[in-house]
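Single-letter residue listing:
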Amino acid sequence: MFNKKKFANQIFGIDPGFLALKRSIKTFVVILISVVILWQMPGMTMFAAISAMLFSRSQIGFTIRERRFTMLTTGLLMTLISIPVSLISQNDVVTISFVVIASFVTFFLIGNRVVPDFPAVTILALSVVEIAFSHTFQSGLAYAGLFLMTTSLVYTFHFILWPTRPVKRLKSQIEIIITNINDYHKAIHAQYPDEVSGIHITREKGDKLRKSLGDFRRLWQLFGLTQDSPESLETNYLNLYTGLGKIYEYLILMWQFRVSAWDSEIFNALVIEEKRIKDIIQSLINRHHPNTIRPDDGKQTKLREDIKNIGVEYLNKTKREYNDSSHLSWVSVMNTLKALESLNNDLENPGILRKIEIPEFSVKQIFNAFFSKLKKAVGKLKSSNPAFRHGIRSALIIGSTMAYSLLLKPEYGYWLVLFAVLLIKPNLGISIKVGKQRLAGTVVGSLLALGFVFIVPISTMAYFILLIVSAFLMIWFINLNRMVAMITAMTFMIIGLFYLSNPDSSNLVWLRILYTGAIVLLVVSLSFLLWPEKARKKFAGTLADALVLEQAFFMTINNSVISGQISKLPAAKRQLIRNKIQLLNEVVDGTRNEILQEKVIIHGLNIRSYIMRLLNTLQSLESASGTCEFQRGFGDVKVELTRFSKNVNRAFNVLIEALQNRTEVINFPDLRSEFEILRLQFRKVKYKDGEKRDNLTQYWENSTFIWNLKPLMIELEGIRNEIDMKMNGD
């Protein structure tokens, strides 16, 4: 007998393991249901499809609860304003005034980060389109019902019937981390023509690995998980994540040892080309695969014995072959073995799992933050504020297109207004980029649709199937952030729907292309003429702002270590860094579209790369700070560490000043000499209390932290060099 409940559980239990794919499928199902409900009203069907996609994308936030709130707020606000918008549209002057004011308020608040940009633009975009179709209370009520239906369907499928499932998602992310850590492991052992190319490739692999580790953290925060149940699958995945993070930290050290002995035949033969070492590391990685069953079968004991035996073998080899010229090579070899031994010990005794902070969320908190930001924004209603100028510029552009649409009444004139809303960005460069994307996607999508309607008869099964496929591709591409492909699919779908309702519209395709080109030209031109916000001018300042936050991050870590009281960076400050990095990426994106040749800003792009690597190093440094043994030798390096930290702080200051003032770097400290003093003092702890330690190994409980200071130093020096080359015209 057919069991409906069991069948439903099986269907809604399906999870492809990839967030973008599952979200796309859920939104697509909502659109299909809307199509079934609104089958005989193509115009309303189009509204339902677009609003479902936009409401789904309006899930903004770090936790599921926050995403529910932003999605519901967007949909419900659109529902509430539908009737007023319809009534306003009865009078052209009132409509134009409303659009001008709404445009200014929307983009002014976005510019001051009072409201999230995508939900706010969604509400404005849907409102200006509704104005073109709804002019009565009854039609406004119909659109309110449509938006309420779409909101309810999106919420039901995304959060109730088919919610994102932590176990599946975390498992998939662990598998991604393992793929990336294997790639990084291979990169460490690979052969390179020179040191520079090796560093470049391993940094790329390392950045990809760090990102996948960060994605696991964000998933944990998204689900709001805790470690209350040590037997749960979620806690097991957190344990795997912690172990993989430790492996990565020690692989970084291994790579640093290789770089320090780059041309050493000894190191290459005994470490890089040694199969036993590769196999040990690979075994440690494989034991962290979520599908691996790890019984107490003695394998871990064998690994420990293998490492010990190699260490004894290499130590005896050292005593036979050591000479002063090979000292650095043998130090790197033995430290690599010591690192491997410490890594194995750490993985055998994981201790406390890495704690992942869960951002707090409450509706009251959201509203308090909103009104607080709104109050501050009101005080910025002045022409010197970029957000104010952005709001004025947006209001003029959107208002003029709305006036043209209403007064001259061109066919499909509301497209002009909609395109203007979607094209306006905070700076000229991003507007150019989005304009090129929209024009390219519109041209390709329109031409494909033109061929489609000529070849496939309207209202046939094949016609509807292709429309449905285009709807799914539209959702899929937007969730992948493939904007040109998304616009292509969306244009194809919209033109297909319009031909369905009006088969005799011969100029539809050409109007779509013409309007898009005209609006791109209008937005870019007015953005250039009306108080242009050029990303290129902000580039150096944005780089400096990012360094300011990273400097504070470094000092927080270092001060906590020196004081012996480890503390983590608060979640609010972490969010500030993320926001600043996002802003930096946006400025870079805009700058690239404001120039003709990328070589003009190549030094700035290189500095951005150093800043990203610096952030990764700081995160690794913060993690390593938790391993410092304050009672066993670390106190002996506090004086030198304090001195080194002061010089690093000074290095940050002179770099920030040079970027802010666009000058050469003056009085950059000699970090290499300071690091050498710290390293030599660090080695002296081997003789603490008369206990002579092996002079080819370091005091390992603290070395993970100390060695993370080396890439920190190299990255700061890299920024200094790029600034100087830029100022010297190289």
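Just above sits the structure.
What counts and how
The numbering scheme is per chain: residues are counted from 1 as the chain's sequence reads. Per-residue local features of the predicted model are confined to residues with pLDDT of at least 70, and side-chain atom pairs are confined, for both listing and counting, to 80 or more; whole-chain, interface and lining totals are unaffected and use all residues. Where side-chain values are given, they derive from all heavy atoms of the structure, hydrogens and water being excluded. Each residue's exposure class comes from its accessible area (1.4 Å probe, protein chains only) as a fraction of the maximum for that residue type: buried when under 20%, exposed when over 50%, partly exposed otherwise. Counting from the N terminus, the helices are DSSP H or I runs at least four residues long and the strands are E runs at least two residues long. Note on contacts: a residue pair is in contact if any heavy atoms of the two residues lie within 4.5 Å. A patch consists of residues whose relative accessible area exceeds 30% and which take part in no salt bridge; residues with like charges are grouped when within 9 Å of each other, and nonpolar side chains (Val, Leu, Ile, Met, Phe, Trp, Tyr) when within 5 Å. Calculation of accessible area relied on Shrake-Rupley with a 1.4 Å probe; when residues are assessed, cover is drawn exclusively from the protein chains displayed. Salt bridges are identified by distance alone: a Lys or Arg side-chain nitrogen within 4 Å of an Asp or Glu carboxyl oxygen. The definition of a nonpolar core used throughout is a set of buried Ala, Val, Leu, Ile, Met, Phe, Trp, Tyr and Cys residues joined through side-chain atoms within 4.5 Å. Axis definition: a line fitted to C-alpha atoms, limited for helices to the stretch in contact. Angles are taken between N-to-C directions and run from 0 to 180 degrees. An angle below 35 degrees is treated as roughly parallel, one above 145 as roughly antiparallel, one from 65 to 115 as roughly perpendicular, and anything else as oblique. Under the grouping applied here, Gly and all other residues not named as nonpolar or charged are polar, the nonpolar ones being Ala, Val, Leu, Ile, Met, Phe, Trp, Tyr, Cys and Pro and the charged ones Asp, Glu, Lys and Arg. Points on a 1 Å grid over protein atoms alone make up a cavity when a 1.4 Å probe fits among them but cannot get out, and a pocket when they form an open set with protein on both sides within 12 Å along at least five of seven lines; lining residues each have an atom within 4 Å of a point. Grid points are joined across faces, edges and corners, and a volume is the space filled by probe spheres set on the points. Stacked, edge-to-face and tilted labels apply to pairs of Phe, Tyr and Trp rings (six-membered ring for Trp) whose centres lie within 6.5 Å, assigned for plane angles under 30 degrees, over 60, and everything in between, in that order. For a ring to carry a charge above it, either NZ of a lysine or CZ of an arginine must fall within 6 Å of the ring centroid while also lying within 35 degrees of the normal to the ring plane.

Turning our attention to helix α17 (residues 414-423). When you tally the buried positions in α17, you get 9 out of 10 residues, the bulk of the element. Buried within α17 are the following residues: Y414, W415, L416, V417, L418, F419, A420, V421 and L423.

So, about the side chain of S394. Locating S394 in the fold gives a position in helix α16 (residues 386-408). Ignoring any residue separated from it by four or fewer positions in sequence, one finds S394 in contact with S103, F107, G399 and I424.

Moving on, we get to a nonpolar patch on the surface. Taken together, the side chains of M461, I465, V469 and L473 present a nonpolar region at the surface, about 360 Å² in accessible area. Mapped onto the secondary structure, V469 falls in helix α19 (residues 461-479). Here V469 falls in the partly exposed class, since its relative accessible area comes to 39%.

Before going further, it helps to examine the pattern of salt bridges. In total, this model carries 14 salt bridges according to the counting rule given. We note a salt bridge from D207 to R210, for which the minimum N-O separation is 3.3 Å. Placement of the pair is D207 and R210 together in helix α9 (residues 195-223), with a separation of 3 residues, close to one helical turn. A residue is classified by how much of its surface remains accessible, and D207, at 27% relative accessible area, is partly exposed. Notably, a salt bridge pairs K317 with E321, separated by 3.0 Å at the nearest N-O pair. Here K317 and its partner E321 are both found in helix α13 (residues 299-321), 4 residues apart, which amounts to about one turn of the helix. Judged by its relative accessible area of 22%, K317 falls in the partly exposed class.

A positive phi angle is found at R113, which is not glycine, with a value near 55°. Examined against the element boundaries, R113 turns out to sit in the loop between α5 (92-111) and α6 (117-133). The phi dihedral of K409 is positive, around 50°, even though this residue is not glycine. In this structure, K409 sits in the loop between α16 and α17. K409 gets classed as exposed once you look at its relative accessible area, which sits at 58%.

Taken as a class, soluble globular proteins show a tendency for nonpolar side chains to be buried jointly. Judged by nonpolar contacts, the single largest core of 144 residues is most densely connected at I174, F216, I247, I398 and M474. The dominant element in this core, judged by the number of residues it contributes, is helix α10 (residues 233-260), at 15 residues. What F216 contacts, discounting residues up to four positions off in sequence, is L170, Q173, I174, I177, Y237, L238, Y241 and I356. A546, L615, V648 and V654 belong to the second-largest nonpolar core, a separate cluster that totals 52 residues.

Relative orientation of the contacting elements helix α4 (residues 64-88) and helix α7 (residues 137-161) amounts to 170°, with a least axis distance of 7 Å. The angle between α4 and α7 falls in the class roughly antiparallel. Within the contact of α4 with α7, the residues separate by chemical class into 16 nonpolar, 7 polar and 2 charged.

Right, let's get into empty space enclosed by the protein. Inspection of every chain in the model, using the stated rule, returns 1 cavity of 30 Å³ or more. Roughly 70 Å³ of volume is contained in the largest cavity. Lining the largest cavity we find I247, Y250, L251, M254, I277, I281, T336, A339, L340 and L343. Going through the elements one at a time, α10, α12 (275-286) and α14 (327-348) are the ones with two or more residues in the lining of the largest cavity. The class makeup of the residues in the lining of the largest cavity is 9 nonpolar, 1 polar and no charged.

Space inside the second largest pocket adds up to approximately 880 Å³. Taken together, 33 residues line the second largest pocket, and the ones lying closest to its centre are I199, R203, W255, R613 and I714. Only α9, α10, α24 (602-625) and α27 (700-727) provide two or more residues apiece to the lining of the second largest pocket. By residue class, the composition of the lining of the second largest pocket is 11 nonpolar, 11 polar and 11 charged.

Scanning the entire structure with this criterion turns up 28 aromatic pairs. Measuring from centroid to centroid gives 4.5 Å for F216 and Y241, while their planes differ by 10°, and the two rings are stacked. Residue F216 is found in helix α9, and its partner Y241 is found in helix α10; the two are separated by 25 residues along the sequence. Accessibility expressed as a relative area gives 0% for F216, which makes it buried. For Y241, a relative accessible area of 3% corresponds to the buried category. Between Y412 and W415, the ring centres sit 4.7 Å apart and the planes meet at 15°, which makes this aromatic pair stacked. W415 carries the same exposure label as Y412, and that label is buried. Feature note: the residues F47, F55, F133, Y143, F147, Y412, Y414, W415, F419, F498 and Y515 constitute an aromatic cluster, connected by ring pairs. The aromatic ring of F118 is capped on one face by R57, whose charged end is 5.6 Å from the ring centroid. For R613, the ring lying beneath its charged end belongs to Y610, and the centroid distance is 4.6 Å.

None of this, on its own, says anything about what the molecule does.
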